[in-house]
Amino acid sequence: WDNADFSRGVGTTFYQEFSTLNTAKPPFVRDVEAKVRRYLRSSYSAAWTLKITWEKAPASAAWTDTRKTVTYQAVLTTDGFRSYILMLYQDGGMQWDYTRLTSTNVLIGYT
């Protein structure tokens with residue numbers, strides 16, 4: 001992830017929260033549960049899920065071509081004991097030009 005710059009009126013950020021502890025689960029939450037079960041080979045039933053979407057996000061440097069945007073999501077989910085994050089990117093991958101980043105010692109990850 002790099003810094004996105006929404007100050008020029010390009011791109012949108014939005015979120016949707018799903019609290020499903022005592023309610024019926026919408027298809028999106030059932031899909032998230034299925035992904036967690038498949039990738040981790042464990043039982044999982046979400047109590048809470050948050051989907052954050054950055055749509056057509058431009059990179060944050062002054063030289064940025066605002067036509068090269070990225071759409072991606074972070075999906076946070078928990079059953080109250082275990083928590084997971086799914087990081088999803090639009091087909092076609094990253095459109096930002098990483099060769100023009102100001103820093104060359106870039107790390108990817110989360111804790």
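About the cut-offs
- Residues numbered from 1 in each chain as written.
- Predicted model: local features only at pLDDT ≥ 70, side-chain atom pairs only at ≥ 80, totals over all residues.
- Heavy atoms only, no water.
- Helix = DSSP H or I, 4+ residues; strand = E, 2+ residues; numbered from the N terminus.
- Buried < 20%, exposed > 50% of the residue type's maximum accessible area, 1.4 Å probe, protein only.
- Contact = heavy atoms within 4.5 Å.
- Polar contact = N/O pair within 3.5 Å; in protein donor to acceptor, adjacent residues only side chain to side chain.
- Pairing = 2+ DSSP bridges.
- Axes fitted to C-alpha atoms, helices over the stretch in contact; angles between N-to-C directions.
- pLDDT = per-residue confidence, 0-100.

The chain appears in an unreviewed UniProt entry as MUC4 protein from Grantiella picta.

To continue, consider the environment of Phe 18. Looking at where Phe 18 falls in the secondary structure, it is placed in strand β1 (residues 12-19). Exposure remark for Phe 18: the relative accessible area of 9% places this residue in the buried category. Contact partners of Phe 18, with chain neighbours within four places excluded, come to Pro 26, Phe 28, Val 29, Ala 47, Trp 48, Thr 49 and Lys 51.

It is worth spelling out the side chain of Thr 20 at this point. For Thr 20, the location among the structural elements is in the loop between β1 and α1 (27-40). Here the side chain of Thr 20 touches Ala 46 through a polar contact of 3.0 Å, landing on its backbone oxygen.

Hydrogen bonds along the backbone pair up the strands of a sheet, which may run parallel or antiparallel. Taken in spatial order, the four strands line up as β1-β2-β3-β4 in an open sheet, and their pairing is antiparallel. Edge strands, defined here as strands with exactly one partner in the open sheet, are β1 and β4 (83-89). Mean inter-strand twist for the sheet, computed between neighbouring axes without regard to direction, equals 10°. Sheet analysis places strand β3 (residues 69-78) next to β4, joined by seven bridges and oriented antiparallel. Bridge pairing in β4 links Thr 77 to Tyr 84.

What follows covers the confidence of the model for the chain. Averaged over every residue, the pLDDT of the chain is 82; residues scoring 70 or more account for 77%. Within the chain, the lowest mean pLDDT, 90, falls on β4, and the highest, 95, falls on α1.

If you trace the backbone, Arg 30 turns up in helix α1. Judged by its relative accessible area of 45%, Arg 30 is partly exposed. As for Arg 30 and Ser 45, which are separated by 15 residues in sequence, their C-alpha atoms are 8.6 Å apart.

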